[in-house]
Amino acid sequence: MELLLESLFNGLAIGSVLLIAALGLAIVFGLMGVINLAHGELIMLGAYTTYVVQLIFKQPALQPVYGIYLIVALPIAFVVSGVVGILLERTIIRRLYGNPLETLLATWGVSLILQQFVRSVPLAYGAGLVLALLIGFLLPALLPERLQLQATSRWLRLGSWAIGALVGALSAGGLAAAIRKLSRPDARNVDVTAPAWMRGGIEWMDVTFPVPRLVIIVITVLALVAIAWFLNRSVWGLRIRAVTQNRSMSDCLGISTDTVDVLTFGIGSGLAGIAGVAVSMLGSVGPNVGSSYIVACFMVVVLGGVGNLLGTVIASLAIGVLTDLIGAGRLLTLWPEMPAPLESTVQFFATTSMARVLVFALIVVFLQFRPAGLFPQKGRMVEA
């Protein structure tokens, strides 16, 4: 019983990481039909954001409240990845809607650029650039509507970008001067130290539940509830679903489809940043940390059914449980009388990397019988 409970918990923890990583991709890929290969690098930006926030909270002025840095890092990582995602949508993706192959190649190129950017540019300058982008995008939206409709709106937007560039440069210089680790590029992996309240584990029924994995599960549940509420209860969630069902009719009814595209891509990218916070709690953070999750994320989205949140949840948890049962060798313990041919096969795949290979092979076989996944789309989305 203890072994089964431990296996289910580990599978749930692995599935939670996959779910929170795939949640943003499910929104972008499912609702917009965009194959974003740079999604893994948005996860990487969220992980590096957590590292930067940790270093800031290690400064003498914030040392007394160091324990809350993870809570502060969550919204900041959401904003950082969301802003980069919005920039990607407005500069590249917007011109490639309806061209999946071109979108795939473009986002793959962006992923390589972001990886090299992290290797070559000091994190302080990267933080200043993100702050400049945030001010440049947000400040015009805060202006009164009467100013946005006037002929001077172009100059107001230009002034917003100038203010953003100035504030970003000053912030980058301040961070580089205050924290030496952020003043130089470093291609090596960095470690995010968990606060004291996240160390250790909780004992229950002779099973130890590590606190970091419990925190990741809680973060995943909160993110899933928030997204489900937003898509089903909020005004903009209704507009997003309307545009997804029938873009031309939504445009005729006065819904700004361009705004919906930006909002959807921003939310999906922001969720990748939150996934980066969770990933930073599991190991070292490096420029390639997102690449190890992108294939698994697409598998979760396709297996669950494109655009279906419930399917994404079930698929991620199923992949997590199967990966732990096979990769950790627990299936052999739980089923000691396994037939010899099957036992030799399970022993061959009894490592984490090989277990993923077997799970993905099983998914490919499953998709031969249900190409649309567990929960296929219905209605106008299929017709489109």
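Calculation notes
Residues numbered from 1 in each chain as written. Predicted model: local features only at pLDDT ≥ 70, side-chain atom pairs only at ≥ 80, totals over all residues. Heavy atoms only, no water. Helix = DSSP H or I, 4+ residues; strand = E, 2+ residues; numbered from the N terminus. Buried < 20%, exposed > 50% of the residue type's maximum accessible area, 1.4 Å probe, protein only. Polar contact = N/O pair within 3.5 Å; in protein donor to acceptor, adjacent residues only side chain to side chain. Contact = heavy atoms within 4.5 Å. Axes fitted to C-alpha atoms, helices over the stretch in contact; angles between N-to-C directions. Parallel < 35°, antiparallel > 145°, perpendicular 65-115°, else oblique. Left-handed = near helix turned anticlockwise from the far one by under 90°. Nonpolar A, V, L, I, M, F, W, Y, C, P; charged D, E, K, R; others polar. Expected span 1.5 Å × (residues − 1).

(A) Structural detail: the side chain of serine 250. Mapped onto the secondary structure, serine 250 falls in helix H10 (residues 247-252). Since its relative accessible area comes to 4%, serine 250 is described here as buried. A distance of 3.5 Å separates a polar side-chain atom of serine 250 from the backbone nitrogen of valine 243. If near-sequence neighbours (up to four positions away) are discounted, serine 250 is found in contact with Ala242, Val243 and Ile255.

(B) Looking closely at the packing of helix H12 (residues 291-304) against helix H16 (residues 352-369). In contact at an axis separation of 11 Å, H12 and H16 are set at 30° when each is read in the N-to-C sense. Taken together, H12 and H16 sit at an angle that is classed as roughly parallel. The chirality of how H12 crosses H16 is left-handed. Residues Ser292, Val295, Ala296, Met299, Val302 and Leu303 of H12 lie in contact with H16, whose contacting residues are Arg356, Phe360, Ile363, Val364, Phe366 and Leu367. Class assignment of the residues belonging to the contact of H12 with H16 gives a composition of 10 nonpolar, 1 polar and 1 charged.

(C) Inspection of the environment of valine 260 at higher detail. Within the secondary structure, valine 260 sits in helix H11 (residues 257-280). Classification of valine 260 as buried rests on a relative accessible area of 2%. Considered as a pair, valine 260 and leucine 12 are 248 residues apart in the sequence and their alpha carbons are 33 Å apart. The contact partners of valine 260, leaving out residues within four places of it in the chain, are Trp236, Arg239, Ile240, Val243 and Ile255.

(D) Region of interest: helix H8 (residues 211-233). Helix length check: H8, at 23 residues, gives a terminal C-alpha distance of 32 Å against a target of 33 Å (1.5 Å per residue), a fit within 8%. Within H8, the full set of buried residues consists of Val211, Pro212, Val215, Ile216, Ile217, Ile219, Thr220, Ala223, Ile227, Phe230 and Leu231.

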